[in-house]
Amino acid sequence: MSTEPLPPVAPDVLADAVEQLSTRLRKKLDAAISGCADRATATADGAVEVHFGEDTTVTLRPGPSGTVTNAEQAVCTCLLAPRCLHRAAALGAAPIADGEDGAGGTAPGNAGPGKTAPTASTAPDAAAPPAAPAAPGPEQIRAATALWDAAAEALSAGVTAGGAVVQAELLRAAHTARLAGLPQAEAAALRVVRGLRAARERNAGQRLADLAGAFRELLAGTALLASGAAGTKAASSARRAYEQGGSLQVYGLCREPVLSATGYGGVATHLVGPDGTGYTVSDVRPGGLARAKGAGSASVALGGAVLDHAGLARGGLRIVGATVSADGRLGAGRGVRATPLRGVDWSEEPAAALFARPVREAIAAVLADAAPEAGGPGGTAPGLLGCDVEVTGAADGFVVVRVAGGGPLLRLRPAHPHPELPHAANLRRIAEHPGLALRVLGRPDLDRAATLLPLAVGPVPGALATLRLPDAWKSRADLGYDRLQGEHFPRRTAASAAREPVTAGPDPLAQAPLWRVRRLLETGVAGGRRAVAEAGRGTDAASLSARLTRAGLGAAAHLAQALTTEAGRRPRDPFGRLTDPSADAYARAWLASAVHLAAAERSLVAASWS
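Residues numbered from 1 in each chain as written. Predicted model: local features only at pLDDT ≥ 70, side-chain atom pairs only at ≥ 80, totals over all residues. Heavy atoms only, no water.

Enquirer: Looking at this model, I keep getting lost on the overall build of the chain. Mind explaining?
Expert: Each helix and strand in the chain was counted, giving 19 helices and 15 strands. Every one of the 610 residues in the chain was classed for burial, and the buried ones make up 50%. Pairs at least 24 residues apart make up 67% of the contacts formed inside the chain by residues separated by at least 6 positions. Summed over all atoms, the accessible surface of the chain reaches about 26,500 Å², with 53% contributed by carbon and sulfur. (Helix = DSSP H or I, 4+ residues; strand = E, 2+ residues; numbered from the N terminus. Buried < 20%, exposed > 50% of the residue type's maximum accessible area, 1.4 Å probe, protein only. Contact = heavy atoms within 4.5 Å. Areas by Shrake-Rupley, 256 points an atom, 1.4 Å probe, with all protein chains shown as cover.)

Below is the structure:
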């Protein structure tokens, strides 16, 4: 169902509304939520009304931020209000706002409910450097333990039984974690809740693999926090901390659209400093696809700079009083001043260093940077990787290229598959020119073997069969905004003789029987503990263990067997009551198998780039 007519709701507001329901009404909540968005209408004063029959209306009146942040902003006309089913249903149908300020979205390069959200790059004025975060204290450990318990119960229920009541318990624990100073844990919990909603609503963009990854990040992070073994970064500030970066010179590399499943859209422009450090300037706001397409030529809101994002991607800035976040985002506080600089070609420093690094060395660094930290759930987004390649052709929906100098075969997939963005169309044109020499800048897909998501392409210096781009493009094409035409390709490759059928080379990830473990874990996410227990019965479980063992994956076989055994362990007393109703042991078994699978797949991905 669409949630666009309804304003975002703070997690604690929804959790309170569900908590106030009686047991009888909680059983009816999921059915009541269905169809609420279709009955929502906006009023002239900015409120949203949801009608239940002829006599009952729920009014949601968001605050200045556009989010319902307190209980008084959700009012029902029925006699049971505020402890009524109507009010809880309307709140349950609305999107979940981020815990801090209600902004939602996705990181550059992602379009799904399972990723963190950049907002417009704003930062406080010149502020003192933040104090070093301390290790998690007793209050944070208690909050993390409660969040682990809620997450374990949600995992045990699965998508089929993970309705509004289960989600509300998780939201309550997530809100407590935020109050205790655990923003990363709260953000991981919100990703799980959004994933559960999308899966139950059968959204086209929802993948069980994404939801399984969100559960893994949440459980892994809260387990570390609850044990007291997490690092200090887990207790950092909820807001992105911007520190003074002094004076900076940055040069544009490329820009990419940002499109979110929650209705946010915009652009992220990637920059590089003289020392090779990467930076981004983001402009992401509500607006979806239309804004993602238009933001590529919008003005850059940074220190009075007169450039737009298209100009910045091919130009540069000298920034005085720069504020920089830990992940390289440039802030736009009142003390920031920026003046344009001449851009650099990809063959000039500092951009040239991105393409001079051997691809095996570069992917090893990307994999290390993207690995989850011990301090909390999740890891950083993959960095950019540049390389020179020769186009081989198209195979199975992607472009096959070989890294110059006898490097590995790579698969180029659209960074954004939306048909109204030009990524896929540009790659189709490139695939029509086998033998084309190409300089590619993109983000490695760490979930697939030897796969690169290209953001921009350019000609290879000195190559004859390469791109011929307009001077205004500064020898690069942003695949999310610029459209390659026939005139941009050399005639030699366009008229080249037909080649033999293209193959992408071996895929160690697809050839390994680890996909069976992945299917088992995703079965648990979809159907809960009972589905895993059922999968562990009969010949299927024996076949799983045997195939993994024969492939030399004994640890994976042992962990999968332990998971199915624990899923089916439901001891009862003589009266049929469960003697151990906790989902703790089951969640730990699922997490152990999931963490091992992620590590094994990451190793296979690294090997595919060799």
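Enquirer: What's the story with the environment of V75 in this structure? I'm lost.
Expert: Within the secondary structure, V75 is located in strand 4 (residues 74–76). When its relative accessible area of 46% is taken as the criterion, V75 is described as partly exposed. Expressed as a C-alpha distance, the spacing of V75 and R87, which sit twelve residues apart in the sequence, is 6.9 Å. Once you skip the residues sitting within four places of it in the chain, V75 turns out to touch T57, V58 and T59.

Enquirer: Any chance you could explain the state of the cysteines here in plain terms?
Expert: By definition, a disulfide links the sulfur atoms of two cysteines through a covalent bond. One pass over the full model with this rule turns up zero disulfides. C76 supplies the cysteine sulfur nearest to C84, a cysteine that is in no disulfide, at a spacing of 3.7 Å. (Disulfide = S-S within 2.5 Å.)

Enquirer: What exactly am I supposed to notice about the packing of helix 5 (residues 138–161) against helix 8 (residues 208–227) here?
Expert: Axis angle and axis distance: for two packed helices, these are the angle between their axes and the distance between the axes, and together they describe the pair. With their axes 8 Å apart at the nearest point, helix 5 and helix 8 run at an angle of 150° to one another. Between helix 5 and helix 8, the angle falls in the class roughly antiparallel. The element helix 5 and its partner helix 8 pack so that their crossing is left-handed. Contacts between helix 5 and helix 8 involve I141, A144, T145, L147, W148, A151, A152, A154, L155 and V159 from the former and L211, F215, L218, L219, T222, A223, L225 and A226 from the latter. Taken together, the residues that form the contact of helix 5 with helix 8 break down as 16 nonpolar, two polar and no charged. (Axes fitted to C-alpha atoms, helices over the stretch in contact; angles between N-to-C directions. Parallel < 35°, antiparallel > 145°, perpendicular 65-115°, else oblique. Left-handed = near helix turned anticlockwise from the far one by under 90°. Nonpolar A, V, L, I, M, F, W, Y, C, P; charged D, E, K, R; others polar.)

Enquirer: Just checking my understanding: could you explain the sheet that holds strand 1 (residues 40–42) for this structure?
Expert: Hydrogen bonding along the main chain pairs the strands of a sheet, whether they run parallel or antiparallel. Pairing within the open sheet is antiparallel, and its four strands lie in the order 1-2-3-4. Strands at the two margins of the open sheet, each flanked by one partner only, are strand 1 and strand 4. Neighbouring strand axes in the sheet, compared pairwise and without regard to direction, differ in orientation by 20° on average. Sheet strands touched by helix 4 (residues 85–93): strand 2 (48–52), strand 3 (56–60) and strand 4. Its angle to strand 3, the strand with the most contacts, is close to 45°. (Pairing = 2+ DSSP bridges.)

Enquirer: Teacher, can you tell me more about the packing of helix 18 (residues 554–567) against helix 19 (residues 584–608) here?
Expert: Contact geometry for helix 18 and helix 19: axes closest at 9 Å, N-to-C directions at 160°. As summarised for this structure, helix 18 and helix 19 are arranged roughly antiparallel, according to the angle between their axes. Regarding helix 18 and helix 19, the two cross each other, and that crossing is left-handed. Only A585, Y586, A589, W590, A592, S593 and H596 of helix 19 make contact with helix 18, whose side of the interface consists of A555, A556, L559, A560, A562, L563, E566 and A567. In the contact of helix 18 with helix 19, the residues fall into twelve nonpolar, two polar and one charged.

Enquirer: So what exactly am I meant to see when it comes to the pattern of salt bridges here?
Expert: Should their charged atoms come close, side chains of opposite charge can pair. Applying the stated criterion across every chain yields a total of 24 salt bridges. For D210, the salt bridge identified is with R207, shortest N-O distance 2.8 Å. Residue D210 is classed as partly exposed on the basis of its relative accessible area of 30%. Note that D482 is salt-bridged to R314, the shortest N-O span being 2.5 Å. With a gap of 168 residues between them, D482 in the loop between strand 15 (477–478) and helix 14 (491–494) and R314 in the loop between helix 10 (309–313) and strand 8 (316–325) connect regions that are remote in the sequence. Like D482, the residue R314 is buried in the burial classification. Salt bridges here are not isolated pairs; linked through shared partners, they connect R255, R314, D478 and D482. (Salt bridge = Lys/Arg side-chain N within 4 Å of Asp/Glu carboxyl O.)

Enquirer: Mind showing me how you'd approach the nonpolar core here?
Expert: Soluble globular proteins: nonpolar side chains tend toward being buried together. One finds L6, L29, L91, L170, F215 and W590 to be the most contacted residues of the largest nonpolar core, which totals 92 residues. If we ignore the near neighbours within four places in the chain, the residues touching L91 are V9, V13, L14, A17, L60, V68, A74 and R197. Core analysis: the next-biggest nonpolar cluster, separate from the first, contains 35 residues, V366, L367, L484 and V605 among them. (Core = buried A, V, L, I, M, F, W, Y, C linked by side-chain atoms within 4.5 Å.)

Enquirer: Which parts of the structure should I look at to understand the packing of aromatic side chains?
Expert: Two measures describe an aromatic ring pair: the distance that separates the ring centres and the angle between the ring planes. Under the definition given, this model contains two aromatic pairs. Where F215 meets W590, the ring centres are 6.5 Å apart and the plane angle is 70°; that geometry is what we call edge-to-face. One end of the pair, F215, is in helix 8; the other, W590, is in helix 19, and 375 residues separate them in sequence. We note that F215, like W590, is buried. For the ring pair W346 and F355, a centre distance of 5.1 Å and an interplane angle of 35° mean the geometry is tilted. Of the two residues, W346 and F355, both sit in the buried class. Just above the ring of F52 sits the side chain of R39; from NZ or CZ to the centre is 4.8 Å. Here the guanidinium or amino end of R439 rests over the ring plane of F355, the centre of that ring lying 4.8 Å away. (Phe/Tyr/Trp six-rings, centres within 6.5 Å; stacked < 30°, edge-to-face > 60°. Lys NZ or Arg CZ within 6 Å of the ring centre and 35° of its normal.)

Enquirer: Could you clarify how one ought to interpret the side chain of T269 in this entry?
Expert: Inspection of the secondary structure assignment puts T269 in strand 6 (residues 264–272). For T269, a relative accessible area of 0% translates into the label buried. Side-chain polar atoms of T269 contact the side chain of H309, separated by 2.8 Å. (Polar contact = N/O pair within 3.5 Å; in protein donor to acceptor, adjacent residues only side chain to side chain.)

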